[in-house]
Amino acid sequence: MTSLSSKIEAILYLKAQPLPIAKIAEYAGCERAEAEAGLLELMADYAHRDGALEVVETPNGYCLQLREAFHDLIQRLIPVDLGVGALRTLAAIALKGSISQTKLVELRGSGAYQHVQELVGLGFVKKRRQADGRSYWLQVTEKFYQYFQVEQLPQPTATCRDADRSFH
């Protein structure tokens, strides 16, 4: 591996986020074409390794990331940092079984919109547009049950069960 590809590897590691090729070239102090060649060399090197990391292109640029086969370790080794508000919102969704986002906001306040976005991003909640298209149905995911080591929750009311059936 050349010193440029090693430098690009260090840049991707230190920035810990996807970078467009123009930014990689800027940080490496080289021309775009050189950065592209160094990046290709780095990607080829990682492709031939039998390691836990890989260099991939995302919609936002290139990044150094953990291979998919090791994603289960993230769940076990890095605790999720949820604020009290997000945890309460998650609890409300879990206890209701399936709840409309509108109803959740009535229960938890407008901060619930941000909590839902965070919880969906972390994979604890899934949302699906309601048939009338004005709100979303919210429901906890399998990741919720695994992460919090819960096998089942109290049975929701009949209304929530009906909504849950239409969720699938």
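A brief report on the enclosed structure follows. (Residues numbered from 1 in each chain as written. Predicted model: local features only at pLDDT ≥ 70, side-chain atom pairs only at ≥ 80, totals over all residues. Heavy atoms only, no water.)

### Details of the packing of helix α5 (residues 84–96) against helix α7 (residues 112–121)
Link 1 in the chain: It is at 9 Å that the axes of α5 and α7 come closest, and there the two elements cross at 80°. Here α5 lies roughly perpendicular to α7, going by the angle between them. Touching Gly85, Ala86, Thr89, Leu90 and Ile93 of α5 are Ala112, His115, Val116, Glu118 and Leu119, all from α7.
Link 2 in the chain: Split by residue class, the contact of α5 with α7 holds six nonpolar, three polar and one charged. (Axes fitted to C-alpha atoms, helices over the stretch in contact; angles between N-to-C directions. Helix = DSSP H or I, 4+ residues; strand = E, 2+ residues; numbered from the N terminus. Parallel < 35°, antiparallel > 145°, perpendicular 65-115°, else oblique. Contact = heavy atoms within 4.5 Å. Nonpolar A, V, L, I, M, F, W, Y, C, P; charged D, E, K, R; others polar.)

### Focus: α5
Link 1 in the chain: The end-to-end C-alpha separation of α5 is 18 Å, in line with the 18 Å expected for 13 residues at 1.5 Å each.
Link 2 in the chain: Regarding α5, the residues found buried are Ala86, Thr89, Leu90, Ala92, Ile93 and Ala94.
Link 3 in the chain: On its buried face, α5 is in contact with β3 (99–100), α6 (101–108), α7, β4 (125–129), β5 (136–140) and α8 (142–147). (Expected span 1.5 Å × (residues − 1). Buried < 20%, exposed > 50% of the residue type's maximum accessible area, 1.4 Å probe, protein only.)

### Some details on the packing of aromatic side chains
Link 1 in the chain: Applying the stated criterion to the full structure yields one aromatic pair.
Link 2 in the chain: Their ring planes at 85° and their centres at 5.4 Å tell us that phenylalanine 144 and tyrosine 145 sit as a pair that is edge-to-face.
Link 3 in the chain: When the ring centre of tyrosine 136 is taken as origin, the NZ or CZ atom of lysine 127, which lies over that ring, is 4.3 Å away.
Link 4 in the chain: The ring of phenylalanine 124 carries the charged tip of lysine 143 above its face, separated from the ring centre by 5.1 Å. (Phe/Tyr/Trp six-rings, centres within 6.5 Å; stacked < 30°, edge-to-face > 60°. Lys NZ or Arg CZ within 6 Å of the ring centre and 35° of its normal.)

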